[in-house]
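Structure at a glance
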Amino acid sequence: MASHISNGHANGDQKTSNIRDLPKTKNFTQKLPPDSEYPTPAASHKTERKQLGPRLVKNAAYTFVRPQPFKKSELVGVSKAALKDLAIDPASVESEDFKKTVAGEQIITIDEDKEPGDEDIYPWAQCYGGYQFGSWAGQLGDGRAISLFEANNPSTKKRYEIQLKGAGKTPYSRFADGKAVVRSSIREFVVSEALHALGIPTTRALSLTLGPEEHVRREMTEPAAIVARFAETWIRIGTFDLPRSRGDRDMVRKLADYVAEEVFPGWESLPAQVPSTDEKDVVGLQGGIPKNEIQGAGENAENRYARLFREVARRNAKTVAHWQAYAFTNGVLNTDNTSIYGLSVDFGPFAFLDNFDPSYTPNHDDHMLRYAYKNQPSIIWWNLVRLAESFGEIIGAGPWCDDQEFVEKGVRQEKADELIKRAETIIEKTGEEYKAVFMAEYKRLMTARLGLKQSKQSDFDELYSELLDTLEALELDFNHTFRRLSYIKTQEIDTDEKRKDVAGRFFHHEGLSGLAGSEADARERVAKWLAKYRERVLEDWPGAQEEERLSAMKAVNPKFIPRSWILDELIERVEKKGEREILDRVMDMALAPFNEEWGWNREEEERFCGDVPKYQRAMQCSCSS
Ligand code: AMP
Ligand code: MG
């Protein structure tokens, strides 16, 4: 593996270091309240590991807990893109420091022979709750993820929280073992980096370590793995659900302040106020602080918490738009799997759609199709409404959110109706905003994927809808269709005969399936769409700038997507057959999905980019991971 890593992406002029010297912080544990049973690193460190197991944890954002190392470990994959973004020197991944840190075998931020001091950075597991499949599930939390530290990239100034998934039991493990199996870890490792390379907001993955001698019991006994993953934040909507369910107003507020000040670049970075129709509420941003908050004006005005809620909604709207435009389905969009930062997070039975089927869910257990592809935009809004309920009181308090009496005791009885009304209005308006942001982003992405320069109102019905209906009816592959469209010159489709001929390029090489009718009908349908499409292309690109247009399309339409069948093959080869290099090769493809080739093995590359074997289309997974 070493050779592939060190000759990976150029790290530019960026200053890199080994993992030990990386600038580190602990904002999360410093600024938020710890589990009172183990309030300091020392208290946790001297406690037997076993004792730090499942229990209810109240009034806390996290518990200090160290990773549980494997008996034997093997580092099998490192993301070059992750190294770059974290400013880790690629040559240093062969060092013991790197391998032991990402395997949870050493806490690089303390001297393990001494009792850790309060000034040390000590690992922690986050406390959160969540609604699972629409029902309140109570306390969840990081049951098998342990955060190590926040890494600060000195060049980009970006801060990421690095955590190990599968690193042993925590107070939040409930009935489970704190471990992760190899198959789900390979899937998370690859897809995190693939989504990022596609430009989709996501949590990331740095490395994959196997524990070949660990025995994890699922349906069968399987070996274990640890993924070192990182994100701007791991705070989820579920992080707010839990204190709200316990009436812990103080914690909701602390978390909200933390998110605005530490995760986002400060209150002033949040969206400006939506002008109210009420004259006296029309106030702008002044020096970052809304005027009404300074003056206490504006009965119906949004306060800063309303703007925070809107920012979370806007970010999630954009992320779902990406999922829809690239046909990605998370599969388990519970509130604990919905990021406050709008990241794709927690990869269980996710999948990219193969043949376009809006009702597809990769989750074998989701009989109601709650988390099916087509339901993602509405389910994320459902989750955001749960967040709105957590924020309801501080949003509804409007201009008096900082009044001492309100902060300490909550709303006075006689003010309750006013508070509720204000909160409802803001939530409703944010719902509209969510829809508008989603639509604008979805249109922007689809316009680019179709190689158009602008989005016309009529494109939605005439181009997108008709294309999607055709893909569904003919069971054509969603992402392949866009890539294949990215090679077609307008003169190749300037007659009906040519269009019918070109139509065949979109069909599965084994022939059509589904309710397509005859092949002639299918060709006619695609040809008709191509005719409309050609007209739109010529409208936006009046000169013959074919090269420019097609290369712009290839830059947004991936050739490679880590589909379920590829991940299955990868798992089989890495886990069962002991292959190692294949993981690096697939990661190379995932990290550069728009490439034409990857300089590995043309035949294999083409196979991975080609038609999905028909019996492996639209596979489903169970939740056990
Ligand atoms: P997920 O379905 O991955 O979103 O997980 C839901 C909750 O179950 C989270 O609190 C996880 O930390 C926890 N969880 C899932 N699998 C395990 C496991 N093997 N050990 C401990 N906790 C787990
Ligand atoms: Mg989860």
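In this text, all values refer to a predicted model and were calculated from it rather than measured experimentally.

This paragraph deals with the overall build of the protein chain. Secondary structure summary: the protein chain contains 21 helices and 15 strands in total. Taken over C-alpha atoms, the radius of gyration comes to 25 Å for the protein chain, in line with the 25 Å a tight globule of 625 residues would show. C-alpha extents for the protein chain along the principal axes are approximately 75 × 65 × 50 Å. Buried residues in the protein chain amount to 59% of all 625 residues. Entry remark: accessible area of the protein chain is about 25100 Å², with carbon and sulfur atoms responsible for 48%.

The next point concerns the pairing of strand β3 (residues 74-78). A large share of β3 lies buried, amounting to four of its five residues. Pairing of β3 with strand β10 (residues 204-217) involves four bridges; the strand directions are antiparallel. Paired with valine 78 across the bridge in β10 is serine 207.

The next thing to look at is the coordination of the magnesium ion (ligand 2). The protein atoms that coordinate the magnesium ion (ligand 2) are Asp336 (OD), Asn337 (OD1) and Asp346 (OD), at distances of 2.0 to 2.8 Å. Ordering the donors of the magnesium ion (ligand 2) by residue number gives the pattern D-N-x8-D. The same class applies to asparagine 337 as to aspartate 346, namely buried.

Next up on the list: the site of ligand 1. Around ligand 1 there are 17 residues in total, and Gly141, Gly143, Arg174, Gly178 and Asn337 lie nearest to it. Side-chain polar atom of arginine 174 to an oxygen atom of ligand 1: 2.8 Å apart, as the coordinates give it. Across the complex, the protein chains shield 81% of the 480 Å² of accessible surface that ligand 1 would expose by itself. Looking at the shell around ligand 1, its residues break down into three nonpolar, six polar and eight charged. Each of domain 1 (3-234) and domain 2 (239-447) gives at least three residues to the shell around ligand 1.

Packing of helix α20 (residues 581-591) against helix α21 (residues 602-609) leaves a shortest axis separation of 12 Å and a crossing angle of 60 degrees. If you check the angle between α20 and α21, you find them oblique. Handedness of the crossing formed by α20 with α21: right-handed. Side by side, α20 and α21 meet where Ile582, Val586 and Met589 of the first sit next to Glu605, Phe608 and Cys609 of the second.

As a further point, take the domain arrangement of the protein chain. Think of interface size as the accessible area that goes away when the parts come together; that is how it is often given. By domain assignment, the protein chain separates into domain 1 (3-234), domain 2 (239-447), domain 3 (467-554) and domain 4 (564-616). Measuring from the centre of the C-alpha atoms in domain 3 to the corresponding centre in domain 4 gives 26 Å. Around 810 Å² of area is buried between domain 3 and domain 4 when both sides are counted, 34% of it from carbon and sulfur atoms. When the area that domain 3 buries against domain 4 is broken down by residue, the three leading residues are His480, Arg483 and His508, summing to 46%. At the boundary of domain 3 and domain 4, one finds two salt bridges. Residue glutamate 596 is joined to arginine 483 by a salt bridge in which the shortest nitrogen-to-oxygen separation is 3.1 Å. Counting the contacts that link domain 3 with domain 4 gives ten residue pairs in polar contact (both at pLDDT 80 or more).

What counts and how
Residues numbered from 1 in each chain as written. Chains lettered and ligands numbered in written order. Predicted model: local features only at pLDDT ≥ 70, side-chain atom pairs only at ≥ 80, totals over all residues. Heavy atoms only, no water. Helix = DSSP H or I, 4+ residues; strand = E, 2+ residues; numbered from the N terminus. Rg over C-alpha atoms; globule rule 2.2 N^0.38 Å. Buried < 20%, exposed > 50% of the residue type's maximum accessible area, 1.4 Å probe, protein only. Areas by Shrake-Rupley, 256 points an atom, 1.4 Å probe, with all protein chains shown as cover. Pairing = 2+ DSSP bridges. Donors = N, O, S within 2.8 Å, 3.2 Å for Na, K, Ca; no water. Near = heavy atom within 4 Å. Polar contact = N/O pair within 3.5 Å; in protein donor to acceptor, adjacent residues only side chain to side chain. Nonpolar A, V, L, I, M, F, W, Y, C, P; charged D, E, K, R; others polar. Domains from an automatic or database assignment. Axes fitted to C-alpha atoms, helices over the stretch in contact; angles between N-to-C directions. Parallel < 35°, antiparallel > 145°, perpendicular 65-115°, else oblique. Left-handed = near helix turned anticlockwise from the far one by under 90°. Contact = heavy atoms within 4.5 Å. Buried area = accessible area lost by both parts, 1.4 Å probe. Salt bridge = Lys/Arg side-chain N within 4 Å of Asp/Glu carboxyl O.

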